[in-house]
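# Topology and contacts: notes
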Amino acid sequence: MGGWERFAETFLNAKVMERYWPDIVAGLGTTIELAALIVLSGLAAGLALAVLRSFGVRVVNWAIVFVVDLFRALPPLVIIVLIYFGLPSIDVVPSGFVSTWLSLALVLMAFSEEIFWAGITAIPRGQWEAARSTGLGFGETLAHVILPQALRITIPPLTNRTIAITKGTALGSVVAVTEILGQASSAVSNSYNPSPLTLGAAAYLVLFLPVVIFGRWVERKFR
Amino acid sequence: MIQAKGIHKQFGALHVLKGVDLDVAERELVFIIGPSGSGKSTMLRCLNRLEVPTAGSVVVDGIDLLDPRTDLNHARQRIGMVFQSFNLYPHMTALGNVTLALRKVAGKSRAEADEIGHAALARVGLAERADHRPGQLSGGQQQRVAIARAIALEPRVMLFDEPTSALDPELVGSVLGVMRSLRESGMTMVVVSHEMGFARAAADRVLFMDDGLIVEQGPPAQIFEAPVHARTRGFISQIQRH
């Protein structure tokens, strides 16, 4: 058996792949579900915090900055493990799925808050003054004048950060989430062959490559 | 129409306004001139509470702007303001700029607001530009849209903060033309500007401010031809040399 045959036998084993691809597809579904939840809740929470911060209540802003810095500093895997193994000690028992969702949503919230906040503060003061001088209130000015402009400039950095954090769904395999990597790992254990990992890598590419290409397009369009 | 009394404004240690009194009668056009840093823009911004005076009182059209019970957003609809840098909303069309407050503050329907907005744009000579974004308009056109945005709300007073300072010389005339027609319609106006020709032709009264105080005031002829104070004379001769 030559080198190439041995490689193919190990990583591209057709029999193993045929047996386990439905598991990987199921994992892909879980990953998509998890990723969608993280993106929706993480970005919504980040935007909410940035808007809250723009009201300029000092104590509130200290709290926001503390929370944001905390979740930007902690490695996502540490947060997942803390939630999954830590919360049961106060009688809250989150599943691996929920732990991963919550952790990555918090991380995305933290990073996106900073990006949204940078966008809001990048809008010239004169925009606020013009709107307020016509009688628009603070909230109306924010909603109709400031945010539409701020969101536009935040789209490129936001897209990149969202992709980076969403890929972290693979960390869920550590707490028994049956997403792509989790499915691939158990298939490897059961088949004594790493070919399912190849399938897993392919599944990640199928999911994230279009997203990355979309991100590139967004960056060109909005920059 | 405007009664401002004993206005002081401090930014930390910086004392920008040191007790300014300003009364403006209905249909009067008051011009404020003075060197940069004299406090004239700050004074103007106190008249719609974009700046909150440290001390003093501001009453516009019978509304006490410094009373915490005053509905400021309601009061500001009656006080139009035009800025040096236009401050149009870049993500909206000219019509969108003019109608936003009509819809969100004055409570007009979109159809009503659009009708008023088109009329306001026509008044500033930009009926044809309603669907253009600010980025597609010249500086002079942008400033006229900004004026339309203010007058669409039918204000009782208009404040102009150096409305032509950011414009190329050939675009100044169109903005001054709109201001002149506003003047002729009987609008009460307070204008911070160095457009002396316009001041001579249109102002009822010229105020010279320096170092946070009104140094001298009077009809344009008096201030420009026969100023009493040395500082006024120095300033007038300086700007007339240019």
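My aim in this report is to walk through the structure given alongside it, one point at a time. (Residues numbered from 1 in each chain as written. Chains lettered and ligands numbered in written order. Predicted model: local features only at pLDDT ≥ 70, side-chain atom pairs only at ≥ 80, totals over all residues. Heavy atoms only, no water.)

### Some points on the overall build of chain B
Going by this rule: Helix numbers and strand numbers start at the N terminus; a helix is a DSSP run of H or I with at least 4 residues, a strand a run of E with at least 2. Each radius of gyration is computed over the set of C-alpha atoms, and the globule rule expresses the reference value as 2.2 Å times the number of residues to the power 0.38. Burial classes: relative accessible area under 20% of the type maximum marks a residue as buried, over 50% as exposed, and values in between as partly exposed (1.4 Å probe, protein chains only). By definition, residues are in contact when any of their heavy atoms lie within 4.5 Å. Residues counted as positive are Lys and Arg, residues counted as negative are Asp and Glu, and His and the chain ends are not counted. Taken as the charge centre is NZ of Lys, CZ of Arg, CG of Asp or CD of Glu, depending on the residue.
Check the secondary structure of chain B and you find nine helices and ten strands. Its C-alpha atoms give chain B a radius of gyration of 18 Å, near enough to 18 Å, the size a compact globule of 242 residues would have. With respect to the principal axes defined by its C-alpha atoms, chain B has extents near 55 × 45 × 30 Å. A buried classification covers 54% of the 242 residues belonging to chain B. Look at the contacts in chain B between residues 6 or more apart in sequence, and 64% of them connect residues 24 or more apart. Of the charged side chains in chain B, 27 are positive and 26 negative, and the gap between their average positions amounts to 3 Å.

### Structural notes on the interface of chain B and chain A
This is how the line gets drawn: Here the buried area means the combined drop in accessible surface, using a 1.4 Å probe, for two parts upon being joined, counting both sides. A side-chain nitrogen of Lys or Arg and a carboxyl oxygen of Asp or Glu constitute a salt bridge if their distance falls within 4 Å.
Taken residue by residue, the interface counts 22 residues in chain B and 17 residues in chain A. Carbon and sulfur atoms supply 57% of the area buried between chain B and chain A, which totals about 1600 Å² over both sides. Three residues stand out in chain B for area buried against chain A, namely B:Tyr89, B:His91 and B:Lys104, and they jointly supply 28% of the buried area on that side. If you look at where chain B meets chain A, you find one salt bridge. The salt bridge involving B:Arg45 is made with A:Glu129; its shortest N-O contact spans 2.6 Å. Listed by contribution, the elements that provide at least two residues to the side of chain B that touches chain A are helix H2 (72-77), strand S6 (79-82) and helix H3 (94-104) of chain B.

### Some remarks on the side chain of A:Ser54
Residue and element names in this part refer to chain A. What counts, and what does not: A 3.5 Å cut-off defines polar contacts: any pair of N or O atoms within that distance qualifies, except that in protein one atom must be a possible hydrogen donor and the other a possible acceptor, and neighbouring residues in sequence count only when both atoms are side-chain atoms.
Relative to the assigned elements, Ser 54 resides in helix H2 (residues 14-54). Among the polar contacts listed, one links the side chain of Ser 54 to the backbone oxygen of Val 51, at a separation of 2.5 Å. Once residues lying within four places of it in the same chain are set aside, the contact partners of Ser 54 are Trp 117, Ile 120, Phe 138 and Leu 142.

### Structural notes on the environment of B:Gly56
Residues and elements named next belong to chain B. Its place among the elements puts Gly 56 in strand S4 (residues 55-60). Residue classification places Gly 56 among the partly exposed positions, given a relative accessible area of 39%. Distance from Gly 56 to Ala 199, taken between C-alpha atoms, is 28 Å for residues 143 residues apart in sequence. Those residues within four positions of Gly 56 in sequence are excluded, and the remaining contacts are Lys 5, Gly 6, Ile 7 and Leu 66.

### Overview of the layout of surface pockets
All names here are of chain A. Basically, it comes down to this: In this analysis, the protein atoms alone were mapped onto a 1 Å grid. Cavities are point sets where a 1.4 Å probe fits without being able to get out; pockets are open sets with protein on both sides within 12 Å along at least five of seven lines; lining residues have an atom within 4 Å of a point. Grid points are joined across faces, edges and corners, and a volume is the space filled by probe spheres set on the points.
One number sums up the size of the largest pocket: a volume of about 260 Å³. As for the largest pocket, its lining consists of 16 residues, of which Val 39, Thr 159, Thr 162, Val 211 and Phe 214 are closest to the centre. For the lining of the largest pocket, the elements supplying multiple residues, two or more each, are H2, helix H7 (138-166) and helix H9 (195-222). Among the elements that take part in the lining of the largest pocket, H7 stands out by supplying six residues, more than any other.

### Comments concerning H3(B)
Spacing of three or four residues puts side chains on the same side of an α-helix, whose turn is 3.6 residues. Across the eleven residues of H3(B), nine count as buried, placing the element largely inside the fold. All of the buried residues in H3(B) are B:Ala94, B:Leu95, B:Gly96, B:Asn97, B:Val98, B:Thr99, B:Leu100, B:Ala101 and B:Leu102. Looking at the packing, one finds that the buried side of H3(B) touches H7 of chain A together with helix H4 (110-123) and helix H5 (139-151) of chain B.

### Considerations on the packing of helix H3 (residues 58-73) of chain A against helix H5 (residues 96-122) of chain A
All names here are of chain A. Just so we agree on the cut-off: Angles run from 0 to 180 degrees between N-to-C directions of axes, and those axes are lines fitted to C-alpha atoms, restricted for helices to the stretch in contact. Angle categories are assigned with fixed cut-offs, so that under 35 degrees is roughly parallel, over 145 is roughly antiparallel, 65 to 115 is roughly perpendicular, and the rest are oblique. Put simply, a crossing is left-handed when the front helix is turned counterclockwise from the back one by less than a right angle, and right-handed when it is turned clockwise.
At their nearest, the axes of H3 and H5 sit 8 Å apart, and the two run at 120° to each other. When the axes of H3 and H5 are compared, the pair comes out oblique. The two elements H3 and H5 cross, and the hand of that crossing is left-handed. Of the residues in H5, those in contact with Ile 64, Val 67, Val 68, Phe 71 and Arg 72 of H3 are Leu 106, Val 107, Met 109, Ala 110, Phe 111, Glu 113 and Glu 114.

### Side note on the sheet that holds strand S1 (residues 2-11) of chain B
All names here are of chain B. For the record, the criterion: Between any two strands, at least two bridges found by DSSP are needed for them to pair.
As summarised here, the arrangement of the four strands in space is S2-S1-S4-S5, forming an open sheet in which the pairing is antiparallel. On the outer flanks of this sheet lie strand S2 (14-24) and strand S5 (63-64), each paired with one strand and no other. When S1 meets S4, the two strands line up antiparallel, connected through five bridges. Across the sheet, the residue bridging to Ile 2 is Val 60, located in S4.

### Examining helix H8 (residues 180-191) of chain A
Residues and elements named next belong to chain A. Selection rule: Each helix should span, by expectation, one fewer than its residue count multiplied by 1.5 Å.
With twelve residues, H8 extends 16 Å between its outermost C-alpha atoms, agreeing within 8% with the 16 Å of an ideal straight helix rising 1.5 Å per residue. Residues Ile 180, Gly 182, Gln 183, Ala 184, Ala 187 and Ser 191 constitute the buried set of H8. Of the surrounding secondary structure, the elements contacted by the buried residues of H8 are H2 and H9. For H8, the capping residue at the N-terminal end is Glu 179, with a side-chain oxygen 3.2 Å from the backbone nitrogen of Leu 181. Remark: Tyr 192 follows H8 within two positions and exhibits a positive phi of approximately 55°.

### Observations regarding a nonpolar patch on the surface
Residues and elements named next belong to chain A. Threshold: Here the term patch refers to residues with relative accessible area over 30% and no salt bridge, with like charges joined within 9 Å and nonpolar side chains (Val, Leu, Ile, Met, Phe, Trp, Tyr) within 5 Å. Computed with the Shrake-Rupley method and a 1.4 Å probe, the accessible areas treat only the protein chains shown as cover for residues.
Together, Trp 4, Phe 7, Phe 11 and Leu 12 give the surface a local cluster of nonpolar side chains, amounting to about 420 Å² of exposed area. Within the element layout of this structure, Phe 11 appears in helix H1 (residues 3-11). For Phe 11, a relative accessible area of 34% translates into the label partly exposed.

### A short note on the sheet that holds strand S3 (residues 29-33) of chain B
Residues and elements named next belong to chain B. Ordered by their spatial adjacency, six strands build an open sheet running S6-S7-S8-S3-S9-S10, and the pairing between neighbours is mixed. The open sheet has two edge strands, S6 and strand S10 (213-218), and neither has a second partner. Recorded for the sheet is a direction-independent mean angle of 20° between the axes of neighbouring strands. Relative to strand S9 (residues 205-210), S3 runs parallel, the two being bridged by four bridges.

Function-wise, these values are silent; they only describe arrangement.
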